[in-house]
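# Inside the fold
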Amino acid sequence: MEDSNAVYQDLSTKVYNSLKSMILSGELEQGQKLKQEQLAEQLGVSRTPLLQATSRLAKDKLVDLIPRRGAYVRVVSSKEMIDAFDIRSSLEPLGAELASKYISEENIHTLESILDEQENKIKGGQIRESFEEDCKFHILLMKSSGNNYLYDYLKNIINMQLSTERYLKTPEESVLEHRLILQAIKNHEAYSSRSKMAMHMDHGAKEQLEEILSNKEVKK
């Protein structure tokens, strides 16, 4: 007989992946309450794996757990988004440089598959979903750096700041820049990998992002 804890853990992971996808794609919006009964019915699970999944999402800083009120999709302030952008702009070029030295063939193939999927979703008009693949690309690339401190520090920041990239460039521009970064990494070109990631994260983007976020706050 299969251990009940193992079953719950497996279900919890599936629920976690489903909810994370719904948050990153914008299907579940910032500030929205995660209604347990509704989500349990929608995902076909009991409350136990759902609670385990929301706990993991809280650790990822994608969900806020509020005592006596429940779980809510985390609202990210403009300042947090700008601060996160500063960190990513400084550290992701280093991650790309390190990846050019230490990336495995398996991760190269996975990154290529992620970019293919990103392009397929763009062509199919699934624009929000394409940015989820964008997030996967950046996170796996940082994991490929071989520096676990860098990876652990950046993975939640990348998740939290996913929506900013859609403000700054078209999906087509994003995937093209990703391919240029990956090509440099595949060629083990440390300087080129770092500079291409720096350009991907810059081009006056911080000033542009500040203006966009400022305008969004004025319209509220």
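Structure's up top.
These remarks concern the structure in this document. Treat the numbers as computed from the prediction; the structure is a model and nothing was measured. (Residues numbered from 1 in each chain as written. Predicted model: local features only at pLDDT ≥ 70, side-chain atom pairs only at ≥ 80, totals over all residues. Heavy atoms only, no water.)

### Overview of the overall build of the protein chain
Broken down by element type, the protein chain carries 11 helices and two strands. In the protein chain, the order of α-helices and β-strands from amino to carboxyl end is α-α-α-β-β-α-α-α-α-α-α-α-α. In the protein chain, buried positions account for 44% of the 220 residues. The long-range share in the protein chain, meaning contacts at least 24 apart out of those at least 6 apart in sequence, stands at 75%. For the protein chain, the computed accessible surface area is about 12,000 Å², with 49% contributed by carbon and sulfur atoms. (Helix = DSSP H or I, 4+ residues; strand = E, 2+ residues; numbered from the N terminus. Buried < 20%, exposed > 50% of the residue type's maximum accessible area, 1.4 Å probe, protein only. Contact = heavy atoms within 4.5 Å. Areas by Shrake-Rupley, 256 points an atom, 1.4 Å probe, with all protein chains shown as cover.)

### A word on the pairing of strand β2 (residues 70-73)
As paired elements, strand β1 (residues 63-66) and β2 share four bridges and run antiparallel to each other. Within β2, the position partnered with I66 by the bridge is G70. Hairpin connection, β1 to β2: the antiparallel pair is bridged by three residues, and R68 has positive phi, about 65°. (Pairing = 2+ DSSP bridges.)

### Some points on the side chain of Q118
Take Q118: it is sitting in helix α5 (residues 105-123). Residue class for Q118 comes out buried when judged on its relative accessible area of 1%. When near neighbours in sequence (up to four residues on either side) are disregarded, Q118 contacts S130, E133, D134, S174, V175 and H178.

### What to know about helix α3 (residues 47-59)
The terminal C-alpha atoms of α3 lie 19 Å apart, and with 13 residues this matches the ideal 18 Å at 1.5 Å per residue to within 8%. Listing the buried residues of α3 in full gives P49, L50, A53, T54 and L57. For α3, the arc enclosing every buried residue in end-on projection is 135°, short of the 170-degree limit, so these residues lie on one face. Exposed and oriented more than 90 degrees from the buried face of α3 are R47 and K59. (Expected span 1.5 Å × (residues − 1). Arc of directions from axis to C-beta.)

### Some thoughts on the pattern of salt bridges
Applying the stated criterion across every chain yields a total of 13 salt bridges. In this structure, E133 and K121 form a salt bridge, with 3.0 Å as the shortest nitrogen-oxygen distance. Pair noted here: E133 is in helix α6 (residues 127-143) and K121 is in helix α5, with a separation of 12 residues, a long-range link. We note that E133, like K121, is buried. Because the salt bridges share partners, they merge into one network encompassing D64, R74 and E80. (Salt bridge = Lys/Arg side-chain N within 4 Å of Asp/Glu carboxyl O.)

### Observations concerning the packing of helix α9 (residues 171-186) against helix α10 (residues 190-201)
The interhelical angle for the contact between α9 and α10, taken along N-to-C directions, is 165°, at an axis separation of 8 Å. The orientation of α9 relative to α10 falls into the category roughly antiparallel. You can see that α9 and α10 cross each other, and the crossing is left-handed. Residues S174, E177, H178, L180, I181, A184 and I185 of α9 form the contact with α10, whose own contacting residues are S192, S193, K196, M197 and H200. Of the residues belonging to the contact of α9 with α10, the class tally is five nonpolar, five polar and two charged. (Axes fitted to C-alpha atoms, helices over the stretch in contact; angles between N-to-C directions. Parallel < 35°, antiparallel > 145°, perpendicular 65-115°, else oblique. Left-handed = near helix turned anticlockwise from the far one by under 90°. Nonpolar A, V, L, I, M, F, W, Y, C, P; charged D, E, K, R; others polar.)

### A few points about the environment of L51
If you trace the backbone, L51 turns up in helix α3. For L51 and V15, which are 36 residues apart along the polypeptide, the C-alpha to C-alpha distance reads 9.5 Å.

### Focus: the packing of aromatic side chains
In total, this model carries zero aromatic pairs according to the counting rule given. Here the guanidinium or amino end of R56 rests over the ring plane of Y16, the centre of that ring lying 3.8 Å away. (Phe/Tyr/Trp six-rings, centres within 6.5 Å; stacked < 30°, edge-to-face > 60°. Lys NZ or Arg CZ within 6 Å of the ring centre and 35° of its normal.)

### Some points on the layout of surface pockets
Gaps left between atoms are located by rolling a probe of water-molecule size over the structure's atoms. Its boundaries defined by the atoms lining it, the second largest pocket holds a volume of some 420 Å³. Among the secondary structure elements, those contributing two or more residues to the lining of the second largest pocket are α1 (4-24), α3, α6 and α7 (148-160). Broken down by element, the lining of the second largest pocket gets its largest block of residues, six residues, from α6. Within the lining of the second largest pocket, the residues separate by chemical class into seven nonpolar, four polar and eight charged. (1 Å grid on protein atoms, 1.4 Å probe; cavity = no way out; pocket = protein on both sides within 12 Å on 5 of 7 lines; lining within 4 Å. Points joined across faces, edges and corners; volume = space filled by probe spheres on them.)

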